[in-house]
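So the chains spell out like this:
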Amino acid sequence: MDPIYTNALIRIEIEEATIPWLKVFSQYPYREFSEAPKEVRVEIFRVLDIIEKEMLVFFKPEKINLASFGNHLPHLHWHIMARFQDDSHFPEPMWGSPQREGSIHLERFEAFIEHLQTLL
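Residues numbered from 1 in each chain as written. Predicted model: local features only at pLDDT ≥ 70, side-chain atom pairs only at ≥ 80, totals over all residues. Heavy atoms only, no water.

Peer 1: Break down the sheet that holds strand β1 (residues 5–6) for me, citing the residues and quoting the values.
Peer 2: Strands sit in the order β1-β2-β3-β5-β4 across an open sheet of 5 strands; the sheet is antiparallel. A strand with exactly one partner marks an edge of an open sheet, and here the two such strands are β1 and β4 (63–67). Lying on the sheet, helix α1 (residues 38–59) is in contact with β1, β2 (10–14), β3 (21–26), β4 and β5 (77–83); it crosses β5 at an angle near 10°. Along the sheet, helix α2 (residues 109–119) makes contact with β2 and β3, crossing β3 at roughly 35°. (Pairing = 2+ DSSP bridges. Helix = DSSP H or I, 4+ residues; strand = E, 2+ residues; numbered from the N terminus. Contact = heavy atoms within 4.5 Å. Axes fitted to C-alpha atoms, helices over the stretch in contact; angles between N-to-C directions.)

As structure tokens, this is what we get:
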């Protein structure tokens, strides 16, 4: 899938999921956050801040989850996802076992992405 946003330092991609879920990657494949230059770290936090605030307003989730693992893909990236009490995995991580059949509908996700692109 093509990035929804890109610049010289980072790119943002959509994670195909049943919840609003984006991933922010560094353009260069740093293995660890601390290895990235300060300008890349600042840019990552700038976009995470915008995405989190807009997810809170747009989707009104129970919680925003932020994660940076990189065990399977050792390329610096962050996951940011809006979580809901009735999503399939809540309160467990999305990587875990489903707790129920989720009832989240993402009809407005494209509108959210279009709005987000105007802010980034």
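Further notes follow.
Peer 1: Can you break down the nonpolar core residue by residue, with the values?
Peer 2: The biggest cluster of nonpolar side chains holds 29 residues, and the ones touching the most others in it are Ile12, Leu22, Met55 and Phe112. Those elements giving two or more residues to this core turn out to be β2, β3, α1, β5 and α2. The element that contributes the greatest number of residues to this core is α1, accounting for 9 residues. Beyond its immediate stretch of four places on either side in the chain, Ile12 contacts Pro3, Ile4, Tyr5, Leu22, Lys23, Val24, Val47, Ile51 and Leu120. (Core = buried A, V, L, I, M, F, W, Y, C linked by side-chain atoms within 4.5 Å. Buried < 20%, exposed > 50% of the residue type's maximum accessible area, 1.4 Å probe, protein only.)

Peer 1: Before we move on, can you summarise the packing of aromatic side chains with the specific residues and values?
Peer 2: With the rule as written, the count across this model stands at 11 aromatic pairs. When the centroid spacing of 4.7 Å and the interplanar angle of 55° are considered together, the rings of Tyr28 and Tyr30 count as tilted. Judged by its relative accessible area of 53%, Tyr28 falls in the exposed class. Here the aromatic rings of Phe59 and Phe112 are separated by 4.9 Å at their centres, their planes lie at 55°, and the arrangement is tilted. With Phe59 in helix α1 and Phe112 in helix α2, this pair connects stretches of sequence that are 53 residues apart. The buried category is assigned to Phe59, whose relative accessible area is 15%. According to the relative accessible area criterion, Phe112 is buried, its value standing at 0%. Stacked on the ring of Phe25, the Lys or Arg Arg11 has its end atom at 4.5 Å from the ring centre. It is Arg108 that lies over the ring of Phe58; its NZ or CZ is 4.1 Å from the centre. (Phe/Tyr/Trp six-rings, centres within 6.5 Å; stacked < 30°, edge-to-face > 60°. Lys NZ or Arg CZ within 6 Å of the ring centre and 35° of its normal.)

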